[in-house]
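# Report on the structure
If you want the building blocks of each chain, they are given just below.
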Amino acid sequence: MARVPNTEPLLSVGITTADWMHMGDELRRLEAAGADYVHIDVMDGCFCPQVTVGAQVIGALRTTLRKDVHLMIEEPLEKVRAYVDAGADTLTFHVEATRHPHRVLQALGKSVKRGIALNPGTPVTAVEPLLDDVELVLVLAVNPGWGGQRFAPGTERRLGAVRELIDRSGRAVMLGVDGGVTRENVGSIAAMGVDMIVAGSAVFDGGDAAANLRQLRAGAGRAAV
Ligand code: DX5
Ligand code: ZN
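To keep things clear, this report deals only with the structure shown in the data block. (Residues numbered from 1 in each chain as written. Chains lettered and ligands numbered in written order. Predicted model: local features only at pLDDT ≥ 70, side-chain atom pairs only at ≥ 80, totals over all residues. Heavy atoms only, no water.)

Along the chain, the position of Leu77 falls in the loop between strand 3 (66-72) and helix 3 (80-85). Measuring from C-alpha to C-alpha, the distance between Leu77 and His102 comes to 9.8 Å, with 25 residues separating the pair along the chain. Ignoring any residue separated from it by four or fewer positions in sequence, one finds Leu77 in contact with Arg103, Val104 and Ala107. (Helix = DSSP H or I, 4+ residues; strand = E, 2+ residues; numbered from the N terminus. Contact = heavy atoms within 4.5 Å.)

Take the coordination of the zinc ion (ligand 2) next. In the first shell of the zinc ion (ligand 2), the protein supplies His39 (NE2), Asp41 (OD), His70 (ND1) and Asp178 (OD), at 2.1 to 2.2 Å from the metal. Classification of the site at the zinc ion (ligand 2) rests on its six donor atoms, whose angles at the metal span 70 to 173 degrees, yielding the label octahedral. Here the donor residues of the zinc ion (ligand 2) are spaced in sequence according to H-x1-D-x28-H-x107-D. Placement of the pair is His70 in strand 3 and Asp178 in strand 7 (residues 174-178), with a sequence separation of 108 residues. Each member of the pair His70 and Asp178 is classed as buried. (Donors = N, O, S within 2.8 Å, 3.2 Å for Na, K, Ca; no water. Tetrahedral: all angles 85-135°; square planar, octahedral: opposite > 155°, others 65-115°. Buried < 20%, exposed > 50% of the residue type's maximum accessible area, 1.4 Å probe, protein only.)

A few words now on the site of ligand 1. Inspection of the region around ligand 1 gives 16 residues, with Asp41, Gly148, Asp178, Gly200 and Ser201 positioned closest. Here an oxygen atom of ligand 1 and a side-chain polar atom of His39 are 3.4 Å apart. With respect to ligand 1, the backbone of Gly148 contributes an N or O atom lying 2.7 Å from an oxygen atom. Within the complex, the protein chains bury 97% of what would otherwise be the 380 Å² of accessible surface of ligand 1. Elements supplying a minimum of two residues to the shell around ligand 1: strand 2 (37-43) and strand 3. (Near = heavy atom within 4 Å. Polar contact = N/O pair within 3.5 Å; in protein donor to acceptor, adjacent residues only side chain to side chain. Areas by Shrake-Rupley, 256 points an atom, 1.4 Å probe, with all protein chains shown as cover.)

Here the focus is the nonpolar core. Ile15, Leu30, Val69, Leu71, Leu91, Val137 and Ile197 are the most contacted members of the largest nonpolar core, which has 67 residues in total. Non-local contacts of Leu71, meaning those with residues more than four positions away in its chain, are made with Val42, Val80, Tyr83, Leu91, Thr92, Phe93 and His94. Core analysis: the next-biggest nonpolar cluster, separate from the first, contains nine residues, Tyr37, Ala117, Leu140 and Val198 among them. (Core = buried A, V, L, I, M, F, W, Y, C linked by side-chain atoms within 4.5 Å.)

Quick look at the environment of Asp178 now. Assessed through its relative accessible area of 10%, Asp178 is described here as buried. Filtering out sequence-adjacent residues up to four positions away, Asp178 remains in contact with His39, Asp41, His70, Leu138, Val139, Leu140, Ala141, Val142 and Val198. In this structure the side chain of Asp178 is engaged in a polar contact, spanning 3.3 Å, whose partner is the side chain of His39. At 3.1 Å, the side chain of Asp178 forms a polar contact with the side chain of His70.

Here strand 7 lies mainly inside the structure; five of its five residues are buried. Neither face of strand 7 is open: one carries Met174, Gly176 and Asp178, the other Leu175 and Val177, and all of them are buried. Examined bridge by bridge, strand 6 (residues 136-140) and strand 7 share five bridges and lie parallel to one another. In the strand pairing of strand 7, Leu138 is matched with Gly176. Read as a crossover between parallel neighbours, the route from strand 6 over helix 5 (residues 155-169) to strand 7 is right-handed. Across three bridges, the pairing between strand 7 and strand 8 (residues 196-199) is parallel. (Pairing = 2+ DSSP bridges. Right-handed = clockwise from strand over helix to strand, strands pointing away.)

Now for the pattern of salt bridges. Within the structure shown, the criterion is met by nine salt bridges. Asp36 is the salt-bridge partner of Arg222, the closest N and O atoms lying 2.7 Å from each other. One end of the pair, Arg222, is in the segment after helix 7 (209-219); the other, Asp36, is in the loop between helix 1 (23-32) and strand 2, with 186 residues separating them in the sequence. Its salt-bridge partner being Asp195, residue Arg163 comes within 3.1 Å of it at the nearest N-O pair. In this pair, Arg163 sits in helix 5 while Asp195 sits in the loop between helix 6 (186-190) and strand 8, placing the two residues 32 residues apart along the sequence. Look at Arg163 and you get buried, because its relative accessible area is 11%. Here the salt bridges do not stand alone but share partners, grouping Arg114, Glu135 and Arg171 into one network. (Salt bridge = Lys/Arg side-chain N within 4 Å of Asp/Glu carboxyl O.)

Keep in mind these numbers describe shape, not what the thing actually does.
Following this line, the structure appears as structure tokens:
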């Protein structure tokens, strides 16, 4: 049975609450402190209440980190190409945001790692028909729209259920979790068997971002950098 080989989860750091006036410095800090990805939350004010950034800004971010782009936008079908062109390494959209998630995946083809995200209120079985065409399932532990929310307790059960679906598919699909990760709970979340952890405010809480990230890495069982 195909499994993603990581034993300790990769860390994808959300920059919504970073200092956008000094984004170059923020990215250098993440590179030095051992982030695996930079996670960019794209919100359109329709799928979720906030508006963040789009493809042009993502294309302008200069970093050696892989770009993990999380689209929280309505009807992504006609919009995804711009994010691939902007340099997304991984492009995730929400199963709730389109009537045609399979068409979106077909449109993306092999041009990018394809992710499908699930809101906390969506049955996990929604991803089952898509597992042949994704490289990542991202389970949200919060409702999309804001950083700093609490990790929903039902998430562990949902992660277990998605893991079963992935195992049954026989494909090496990564399982990720996004939202509500703190420096205190990251160890217990890593123990839920995820391949990728997304954390934003646990890194950018106004303190030392590099030190926060190193603490997260240690909590997730990753070696020091
Ligand atoms: C939810 C976003 C998350 C969130 C992460 O709207 O997709 O990426 O901002 O932020 P924290 O880690 O602060 O929950
Ligand atoms: Zn996100």
